[in-house]
Structure formats: C-alpha cells, structure tokens
Amino acid sequence: MTALTADAATTAARLRDGMASGVLSFPLTSFTGDKDGKGNNNSGAATLDLPAFRDYLAAQIETAPGAIFPACGTGEFFSLDEDEYREVITAAVREADGRLPVVAGIGYGWAQAARFARIAEEAGADAALVLPHYLVKGPQSGLVEQVRQIAARTRLPLIAYQRDQVAFTIDSLRELTQIPGVIGLKDGHSDLDRLQRLKLAAPDDFLFFNGAATAEVQARPYASIGITAYSSAVHAFAPEIANAFFTAQRDGDDATVERLLRDFYVPLVELRDRVPGYAVSLVKAAARLRGRPVGPVRAPLADPGPDDLADLDALLTTGLDLVGAAR
C-alpha cells in the first residue's frame, strides 16, 4: 500500500482497533413527516430532524461500536441533499467528539462524490466510504479511476465499497492499494473464494470488512478467511443483540451464535427479503418500535405494512429475550 500521510495512518490504525473491539455502526438518519389520513408517515413530506438524530446517535455511541458510518446506505445517503448531508456529518462528528472514528458516506459519480467528500472533510469526518456509483456498469479500469479521481480531490482516507455493479479483480485491487489515501475495502458480494484472493493480494495493513446485508449471517464464513470486522444493521435498532452476537462470535461461543442466527437473524433476513428496500425501511421500523426518534423512510423507500410490522415486532421481542435485554 502506498505510504499514508500521518493523519491517514492514524485513522487506519484507529479503525483497525475499532474493528477488533466492536461492530461497525451505520446509524439511521432521523426524518419527521406528516401523517396521511390513515396514520402512516408520509415519506414524501419527510424532513431532516436534526435534534432527534443527535439524540439517537448519542444513544448509539454509548453502546461502544467500533466506528460510526453516518449518511451511508442505512442512513439514506441517496435521499439527502448537500445541506442536509453537511448537517448530518457535522452532528455525527460533534456527538462522537473524538471517541471513535467517523466515516462519512460519499457516492454517485466521482465529481459528485468529491463534492460530498469536501463537505465531509470540512465537517471534520475522519474518513469516507465510497458507495457504489449510480446506474451504469463500468470496466475495471473505470472502477479504479472512479476511486482515483475522488482520492485526488480529498485529504480524507477512503474505503472502497464493492457490491452490485462494483466488483474489483485482483489486479484492480492492487491498483487501489497504490492510490494515495485508499486504506480499505468493504465487501458486499460475499463471494468468499474471490474475496480471499483479494485479501491475499493486498498489503497486510489494508483494511477489509464484511458489508453483506445482515452481515452477522455471513460473519462466520468471513471470519474463516481472516475478515472478522463487519457492519451491523441490527445495531441501528437493537445494539444489545448486535453486541451479544459480536461477543459470542469473537469468543468462539458457537452455541450462542447459532441460537441467535436460528431464532433471530435468519428470520430477520427472511422478513427483509419480502419487499425491496426493507434492508433500510425494516431497520428504521424496528428502531421506531423501540421508541427511537428516527421517523419514516424517504421515498423511493416505503415503510412496512401492518402485517410485516407485526411480524417484526414479534421477532424483535424474541431477539431481545434471547440476550436478556429489556424491550
């Protein structure tokens, strides 16, 4: 890996330590919306609720995640304008107050991603996660160049994110590791054969983490190739469950891992897969069920209907009971 600046090296080291100590938190973004005539939140009218976001984020940070990643996929980056984005990242930096790294989501084409990176840099973020670009597929040379162009326009260390239309080859990963400021890769494909080859081709100090949807379900396979860090959507609404799973996985408590997988995580995945967008809107609904001030999702996402909400409510009770946590 290209030699990092002192600040980038410090950030990479802090992230490595954080990844070893706790789950990676991808907080929800709080919105407030009008109700329609049936009592449902109207996502078309949802506006940023910054005080609620700060309260929610403060509670998340108190549960000791390894790092926080505001305004990423779970935080509905794709629904924020630049002013809202600035407010979200600024609030996250202030709430974190140096206690843990803040990695801001950036994305779209490189020109827009660089604009968001500048905002995140001005707001005091420690690093940025480069979300998959919008709409088009590109060749490997283009995927690498996308990251290169962003890196040339920000001092923030960058973590590339491969999922959907972004999937790096070994040669491309080697190129990424030579781009100044690129410190890691988040993987959302769960192709462990290819991922292991990527990991073996990368420098020892290059960061890798599991970014699969409901990553706990894939945690053991990823750990088998030496990738133990992962993002946790469950942490966004039930940090008690997420932290219990992390501890059991780290300590080799297979009985607890399997019980949580069988009775909570796998049913959650099955519920998540019912409707497109539930990877975010179901998480937000679960947070609301626990009284967290996160509000509705914004269109094009939609909040769960009553039947799915009832199933989610029952599953949430089961998960909390499994780890001895209060509802």
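Everything below is about the structure printed above this text.
Analysis parameters
- Residues numbered from 1 in each chain as written.
- Predicted model: local features only at pLDDT ≥ 70, side-chain atom pairs only at ≥ 80, totals over all residues.
- Heavy atoms only, no water.
- Axes fitted to C-alpha atoms, helices over the stretch in contact; angles between N-to-C directions.
- Helix = DSSP H or I, 4+ residues; strand = E, 2+ residues; numbered from the N terminus.
- Left-handed = near helix turned anticlockwise from the far one by under 90°.
- Contact = heavy atoms within 4.5 Å.
- Nonpolar A, V, L, I, M, F, W, Y, C, P; charged D, E, K, R; others polar.
- Buried < 20%, exposed > 50% of the residue type's maximum accessible area, 1.4 Å probe, protein only.
- Pairing = 2+ DSSP bridges.
- Right-handed = clockwise from strand over helix to strand, strands pointing away.
- 1 Å grid on protein atoms, 1.4 Å probe; cavity = no way out; pocket = protein on both sides within 12 Å on 5 of 7 lines; lining within 4 Å.
- Points joined across faces, edges and corners; volume = space filled by probe spheres on them.

Caption draft 1: Molecular detail of the packing of helix 10 (residues 254–272) against helix 11 (residues 278–289). Interhelical geometry of helix 10 versus helix 11 gives an angle of 120° and a closest axis separation of 9 Å. The two elements helix 10 and helix 11 meet at a crossing, and its hand is right-handed. Contact residues: L268, L271 and R272 in helix 10; Y278, A279 and L282 in helix 11. Of the residues contributing to the contact of helix 10 with helix 11, the split by class is 5 nonpolar, no polar and 1 charged.

Caption draft 2: Looking closely at the pairing of strand 5 (residues 103–106). Side chains V103 and G105 project from strand 5 onto one buried face, and the interleaved A104 and I106 project onto a second face that is buried too. Relative to strand 6 (residues 127–130), strand 5 runs parallel, the two being bridged by 4 bridges. From the neighbouring strand, I106 faces strand 6, where its bridge partner is V130. For the segment spanning strand 5, helix 4 (residues 110–123) and strand 6, crossover handedness is right-handed.

Caption draft 3: Quick peek at the environment of A12. By secondary structure assignment, the location of A12 is in helix 1 (residues 6–21). On a C-alpha basis, the gap between A12 and E240 in space is 27 Å, while along the polypeptide they are 228 residues apart. Sequence-distant contacts of A12, that is, excluding residues within four places in its chain, are made with L4, I183 and L207.

Caption draft 4: Quick peek at the layout of surface pockets. Estimates place the volume of the largest pocket at around 910 Å³. Taken together, 37 residues form the lining of the largest pocket, with G73, T74, F78, R163 and V280 sitting closest to its centre. Where the lining of the largest pocket is concerned, the elements lending two or more residues are strand 10 (231–232), helix 10 and helix 11. Of the residues assigned to the lining of the largest pocket, the class counts are 23 nonpolar, 10 polar and 4 charged.

Caption draft 5: The sheet that holds strand 5, seen in detail. If you walk across this open sheet you meet the 5 strands as 5-6-7-8-9, and the pairing is parallel. Strands at the two margins of the open sheet, each flanked by one partner only, are strand 5 and strand 9 (207–210). Across this sheet, the average inter-strand angle for adjacent strands is 25°, counted without regard to direction. With respect to the sheet, helix 1 is in contact with strand 5, strand 6, strand 7 (158–162), strand 8 (182–187) and strand 9, its orientation differing from that of strand 9 by roughly 35°. Contacting strand 5, strand 6, strand 7 and strand 8, helix 5 (residues 140–151) crosses the sheet at an angle of about 155° to strand 7.

Caption draft 6: Structural context of the sheet that holds strand 10. Spatially, 4-1-10 is the arrangement adopted by the 3 strands of the open sheet, whose pairing is parallel. The outermost strands of the open sheet, each flanked by one partner alone, are strand 4 (67–68) and strand 10.

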